[in-house]
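Structural characterization, general
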Amino acid sequence: MSNFLFGRMTREDLPHVWYTIGGTATIICMCIAIAVFLTRTKRWGWLWREWLTSTDPKKIGVMYTIASAVMFFRGLIDAGMLWLQQSMAADSQGYLTAGHFQEIFTAHGDIMVFFVVMGFFFGLMNWFVPLQIGARDLAYPFLNSLGFWLYVAGAALINMFFIFGGHFADTGWLAPTPLSGLEFNPGVGVDYWIWSLQLSGLGSLLAGINFMVTIIKKRAPGMTLMKMPLFVWTTLCSTVLIITAFPVLTATMFLLWLDRFFDMHIFTSTFGGNQMMYFNLIWMWGHPEVYILVLPGWGMFSEVVAAFSQKKIFGYVSMVWAAIIITFLSFLVWLHHFYTMGPGADVNSFFAITTMLIAIPTGVQVFNWILTMYKGKVIFESPMYWFMGFVTIFTLGGMAGLLLGSPPADFQVHNSLFLVAHFHTMVMGAAIFGSFAGYTYWFPKFTGFTLNERLGKRAFWLWLIGFFVSFTPLYVLGFMGATRRLDHYAASTGWQPLFITSTVGLVIIICGIVTQIIQVIVSVREKNQNRDTTGDPWNGRTLEWSTSSPPPFYNFAVIPTVTTRDAYWEMKKNGLKPETQYADIELPKNTGMGIYISAFALLLGFAMVWYIIWLAVVGLVGIIICIILRSFDDDTEYVVPAAEVARIEASRTRG
Amino acid sequence: MKSIKFVLGILAILSLGFAVFFLLRSENALLTHPKGIIARSELELIGTNYLLMLTVVVPTLIALFWIAWKYRAKNTKAKFDPEHSSHGIFGELILWIIPSIVIAVMAFITWHATHELDPYKPLKSDVKTLKIQVVALDWKWLFIYPEEGIASLNFVQFPDSTPIHFTLSADGSPMNSFWLPQLSGQIYCMSGMITPLHIMADGPGEYTGRAAEINGEGFADMTFVAKSTTRSDFDDWVAFAKQADLELTDNNYKELLKSSINDPVTFYSHVEEGLFDKIVMKYMHPTPPAL
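Predicted, not measured: the structure shown is a model, and the values here were computed from it.

Now for the overall build of chain B. Regarding its fold elements, chain B presents 6 helices and 11 strands. Taking 2.2 N^0.38 as the reference for a compact globule, 291 residues should give roughly 19 Å; the C-alpha atoms of chain B span a radius of gyration of 27 Å, well beyond that estimate. Every one of the 291 residues in chain B was classed for burial, and the buried ones make up 41%. Contacts in chain B between residues far apart in sequence, at least 24 positions, make up 71% of those at least 6 positions apart.

Next up, the structure:
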């Protein structure tokens, strides 16, 4: 009976060691604190009506940003635990067991990639794709809400192992077979990995479809593809990658689940399974994923550099083609993640050369950014600092990448800390620094006031110095023969001082993050001095700056007509004419259906982790019923009458 | 104040460079102190690649900072042309051609080096090649000398200046990677598969090898000692190993299949003929492994 009710969960799976008790207590305390706050301020209804059920991309964007920030702290704590362990564990076991250490680096990688960087980018895309293309909302507002809540369900599930089970996958962030198979990993850890990533992966796929259709179908009249801002272009490329690559991830994890649940032998080493196939499949998703992470970052830098150089982007057409070529090539390089599997010289050479080809369009982008500053008037606000830092570390990391792309060199640095340093450089440079540049640049659009500059620059320097202090030792450690993922090592290797230096670097980075938190607090306090009344604090070039800060819920009272690139810049040059003619605006209604479906999906995922069949059925049936109910709901839009628009616009222009 | 900050910045960059330089020179930097022909060629390739890339990267970084400085908004003397966005088709093509040339050169070198340093490729030498079979177990390394009929655990010895041909596989262990940084780069060991690796050590020495692919709880301790000696020392060692009490019988091998961490170095005086093939072939079988 208990087998039926609870699947394979037993009393021992409840929290009983320090980190599960700590994690559970943290989660419960956070929930209680939020509940108390909401009850005291009587904001439950407000939260539900104004935020949780919203289909407004700007509100979903804010929720994505907050969720990814929360997950960032989880990933950051993981990083600190890893480096503390490695600083201590010369000739001793440190404070973590091998298995626990392995679970932490797995969680760190998955959380940072799936829940932090992707979440933050979806947040920014939700805000600025519609604003930049002159649209009022996304093509599928409900799908947007559903995608977000599936992402939240995935994030909830990946944290749930603290409460139930106490184990996450201990396999590394991509759970390679046969290590992740039933033979070597019978516990629930890998199942938590599969199902939390299935949920968030599905969310990402829905978001990808949504943004792609939005960019193709909802551009303002006159905005041809070659007149789109570059952030929209790179987002488009990124969504093409999402739509093509994420189904591969879903299928691969599904096959792994078949292996684990039905004891099939798809990826096992025995009974005709093919362990190497898993590597091929997971990296056919995994390499495009890298570009899903960095392309939007590049787009943001293109916006930032042009805006702060007060000049057109140099070589727009080259930039677009560079992004398209990278999109295409990123599907042809997956094998470079396992040259060392012994595919032979011809196969390795082919993938080495396709890998190196990517450096060409990437180099062109860097040249174009530099030439954008040429003959400009470059204002060094903090987004430009992030840009300069990005180009510096990105070229250094790129050199390491090309080195890894050469098979014989890769044989020596593969699986080493050199590799770890390389991809952290790339992701931090393009994705994290890009996010911060974009975040600082667009912050007034979110809130109506700019961020404190002095603290922003200080945060940048802390991040940059912290980056060099933490990751230079890792490059060197790779050359000292240190493989990644070691929970302890011999003191005679001479690695310990470098690991300690890395940890110091992390402390500096944390100081940078604290500075950023203080920056937000100070900026909110000083918001009256820094208020952006024009809606265009940087003398911007693209349509998002033509709206007020923050924009009205319908984005544009009148959809602008576009004739050139840098549409708003041209409009300003030709003189802005105030609009007086308004029409009715149709907007999507709020809906809680995304939350209900995701809640059932979370139940389904949880049930599948623990093999609780009845609960899985409940989850699945719930999802299906919700989808049917939603599909019969014809009343999904409401109309803002023209008079109401005129009233809102009049009160906005009055200030 | 500004110039102090500038000087401090330059000093920081220089000290970073010096720190990296001295760390790479210290004996602990295994990759920069290769002791065999393969590892040395790989290091040379790393150096060549870096030099080539620096020919583009250094000018790019100089241009980045120089242009950013020159066209800063405060510099009123610099030209300002907000419409400047292209140097024409030719100007933009140049930006594509410069990195293309470097990549073409690198691609040529890579194609050549990948074939030259292919782990499948036997090394040229007048000395007869020594064959060693490697089995990655949970979490230990078994080395079988098929011609000498001996085996050793977590320890491998071979004569210097002699081509060594490793054939690698795994048993009862997930995917592994065999890495002996001072002698050659790594290659994966997988159950039911054979991967090859050819190495040759310059002279006598003792090196540490390790498993480089995550494979479970004992991952960090899955190291082994590789000892390269003179020919006569090697022959002495073979004779010594032949005196060992243990033999690698089916039963003893079954013991090895059990997971264990930090096993001591062990020698086996006799190995059943064809054991390695049996280990590989049992994964080809449609019925459960017999061994």
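Okay, the overall build of chain A next. Looking only at helices and strands, chain A features 21 helices and 2 strands. On C-alpha atoms alone, chain A measures out to a radius of gyration of 25 Å, which is about the 26 Å that the 2.2 N^0.38 rule sets for 655 residues. In terms of principal-axis extent, the alpha carbons of chain A reach across some 70 × 60 × 45 Å. Evaluated residue by residue, chain A yields a buried proportion of 58% over its 655 residues. Within chain A, residue pairs in contact and separated by at least 24 positions form 83% of the contacts whose partners lie at least 6 positions apart.

So, about the domain arrangement of chain A. Residues and elements named next belong to chain A. Domain annotation of chain A identifies domain 1 (1-42) and domain 2 (43-89 + 98-154 + 166-591 + 636-653). On a C-alpha basis, the centroid separation for the pair domain 1 and domain 2 is 30 Å. On the domain 2 side, the residues contacting the 7 residues of domain 1 number 4 residues. Broken down by class, the residue content of the side of domain 1 that touches domain 2 amounts to 3 nonpolar, 2 polar and 2 charged.

The next thing to look at is the sheet that holds strand E5 (residues 164-170) of chain B. To summarise the sheet geometry, strands pair through backbone hydrogen bonds and adopt either a parallel or an antiparallel arrangement. All names here are of chain B. Here we have 6 strands laid out as an open sheet, ordered E8-E5-E1-E2-E3-E11, and mixed in their pairing. Strand pairing shows two members of the sheet lacking a second neighbour, strand E8 (195-199) and strand E11 (266-268), which therefore form its edges. This sheet shows a mean twist of 20° between the axes of neighbouring strands, independent of strand direction. Where strand E1 (residues 130-137) meets E5, 7 bridges bridge the pair, whose relative direction is parallel. Residue pairing for E5: isoleucine 132 is matched across the bridge by phenylalanine 166.

What follows covers the packing of helix H4 (residues 57-88) of chain A against helix H6 (residues 141-160) of chain A. Residues and elements named next belong to chain A. Two numbers describe how H4 lies on H6: the axes approach to 10 Å, and their chain directions differ by 10°. Taken together, H4 and H6 sit at an angle that is classed as roughly parallel. Residues Pro57, Ile60, Met63, Tyr64, Ala67 and Met71 of H4 pack against Asn144, Ser145, Phe148, Val152 and Ala155 of H6. Taken together, the residues of the contact of H4 with H6 sort by class into 9 nonpolar, 2 polar and no charged.

Glancing now at the interface of chain B and chain A. Taken together, the contact pairs 74 residues of chain B with 76 residues of chain A. Broken down by element, the side of chain B that touches chain A gets its largest block of residues, 14 residues, from helix H2 (residues 37-70) of chain B. Looking at the side of chain B that touches chain A residue by residue, the class counts come to 45 nonpolar, 19 polar and 10 charged.

A separate point is the environment of threonine 563 of chain A. All names here are of chain A. If you trace the backbone, threonine 563 turns up in the loop between helix H17 (496-525) and helix H18 (567-573). The partly exposed category is assigned to threonine 563, around which 13 C-beta atoms lie within 10 Å. Distance in space between the C-alpha atoms of threonine 563 and methionine 223 is 6.8 Å, their sequence separation being 340 residues.

So, on to unusual backbone geometry. Residues and elements named next belong to chain A. Omega for the bond connecting threonine 177 with proline 178 falls within 30 degrees of zero, at -5°, which places this linkage in the cis form. Looking at the secondary structure, you find proline 178 in the loop between H6 and helix H7 (189-217). Despite not being glycine, lysine 42 shows a phi value in the positive range, around 55°. In this fold, lysine 42 is placed in the loop between helix H2 (18-40) and helix H3 (44-52). You can call lysine 42 exposed: it has 8 C-beta atoms within 10 Å. In this model, tyrosine 611 sits at a positive phi of 60°, which is unusual for a non-glycine residue.

Attention shifts here to the environment of alanine 211 of chain B. All names here are of chain B. Locating alanine 211 in the fold gives a position in strand E9 (residues 205-211). Expressed as a C-alpha distance, the spacing of alanine 211 and methionine 222, which sit 11 residues apart in the sequence, is 5.8 Å. When neighbours within four sequence positions are excluded, alanine 211 is seen to be in contact with Ala136, Asn176, Ser177, Phe219 and Met222.

Here we come to the nonpolar core. Counting 287 residues, the largest nonpolar core has Val117, Tyr192 and Val304 of chain A together with Val134 of chain B as its most contacted members. Counting residues per element, this core draws most heavily on helix H5 (residues 98-133) of chain A, which supplies 23 residues.

On to the domain arrangement of chain B, then. All names here are of chain B. By domain assignment, chain B separates into domain 1 (30-73 + 85-117) and domain 2 (130-284). The distance between the C-alpha centroids of domain 1 and domain 2 comes to 39 Å. On the side of domain 2, 11 residues touch domain 1, which itself brings 10 residues to the contact. For the side of domain 1 that touches domain 2, the class distribution of residues is 6 nonpolar, 2 polar and 2 charged.

On to the pairing of E8 of chain B. All names here are of chain B. Burial of E8 is one-sided: the residues Thr195, Leu197 and Ile199 facing one way are buried, the residues Pro196 and His198 facing the other way are not. Bridge count between E5 and E8: 5 bridges; the pairing is antiparallel. Residue phenylalanine 166 lies in a different strand from E8, and its bridge partner there is leucine 197.

What follows deals with the packing of helix H10 (residues 316-329) of chain A against helix H12 (residues 359-373) of chain A. When two helices pack together, their arrangement is captured by the angle between the axes and the distance separating the axes. Residue and element names in this part refer to chain A. Contact geometry for H10 and H12: axes closest at 9 Å, N-to-C directions at 155°. Taken together, the axes of H10 and H12 are roughly antiparallel relative to one another. Where H10 crosses over H12, the handedness of that crossing is left-handed. From H10, Ser318, Met319, Ala322, Ile325 and Ile326 reach across to H12, where they touch Pro361, Thr362, Val364, Gln365 and Asn368. Here the residues of the contact of H10 with H12 sort into 6 nonpolar, 4 polar and no charged.

Residue and element names in this part refer to chain B. Judged by how many residues are buried, strand E7 (residues 184-189) sits mostly within the fold: 6 of 6 residues are covered. When strand E6 (residues 176-180) meets E7, the two strands line up antiparallel, connected through 4 bridges. Each residue of the ladder has a partner; that of asparagine 176, found in E7, is cysteine 189. In this structure, the hairpin formed by E6 and E7 is closed by a connection of 3 residues.

Residue and element names in this part refer to chain B. With respect to topology, 5 strands assemble into an open sheet ordered E4-E10-E9-E6-E7, the strand pairing being mixed. Each having just a single partner strand, strand E4 (155-159) and E7 make up the two edges of the open sheet. On average, adjacent strands in this sheet sit at an angle of 20° to one another, irrespective of strand direction. Pairing analysis gives 6 bridges linking E9 to strand E10 (residues 223-229), with the strands arranged antiparallel. The partner of glutamate 206 across the bridge, within E10, is lysine 227. Its contacts with the sheet put helix H4 (residues 231-242) on E4 and E10, and the angle it makes with E4 is roughly 135°.

With that settled, consider H5 of chain A. Residue and element names in this part refer to chain A. Compared with an ideal rise of 1.5 Å per residue, which puts 36 residues at 52 Å, H5 spans 50 Å between its outermost C-alpha atoms and is within 8% of the ideal. Taken as a whole, H5 carries its principal kink of about 35° at methionine 112. With 33 of its 36 residues buried, H5 lies for the most part within the structure. Looking one or two places after H5, you find glycine 134, whose phi comes out positive at around 75°.

The terminal C-alpha atoms of H10 of chain A lie 20 Å apart, and with 14 residues this matches the ideal 20 Å at 1.5 Å per residue to within 8%. Restricting attention to buried positions, one finds in H10 of chain A the residues Tyr316, Ser318, Met319, Ala322, Ala323, Ile326 and Thr327 of chain A. Each element contacted by the buried residues of H10 of chain A is listed here: helix H8 (230-261), helix H9 (275-309) and H12 of chain A together with helix H3 (88-116) of chain B.

Procedures and definitions
- Residues numbered from 1 in each chain as written.
- Chains lettered and ligands numbered in written order.
- Predicted model: local features only at pLDDT ≥ 70, side-chain atom pairs only at ≥ 80, totals over all residues.
- Helix = DSSP H or I, 4+ residues; strand = E, 2+ residues; numbered from the N terminus.
- Rg over C-alpha atoms; globule rule 2.2 N^0.38 Å.
- Buried ≥ 20, exposed ≤ 12 C-beta atoms within 10 Å, placed from the backbone.
- Contact = placed C-beta atoms within 7 Å.
- Domains from an automatic or database assignment.
- Nonpolar A, V, L, I, M, F, W, Y, C, P; charged D, E, K, R; others polar.
- Pairing = 2+ DSSP bridges.
- Axes fitted to C-alpha atoms, helices over the stretch in contact; angles between N-to-C directions.
- Parallel < 35°, antiparallel > 145°, perpendicular 65-115°, else oblique.
- Core = buried A, V, L, I, M, F, W, Y, C linked by C-beta atoms within 7 Å.
- Left-handed = near helix turned anticlockwise from the far one by under 90°.
- Expected span 1.5 Å × (residues − 1).
- Bend = angle between axes of the 7 residues up to and from the residue.

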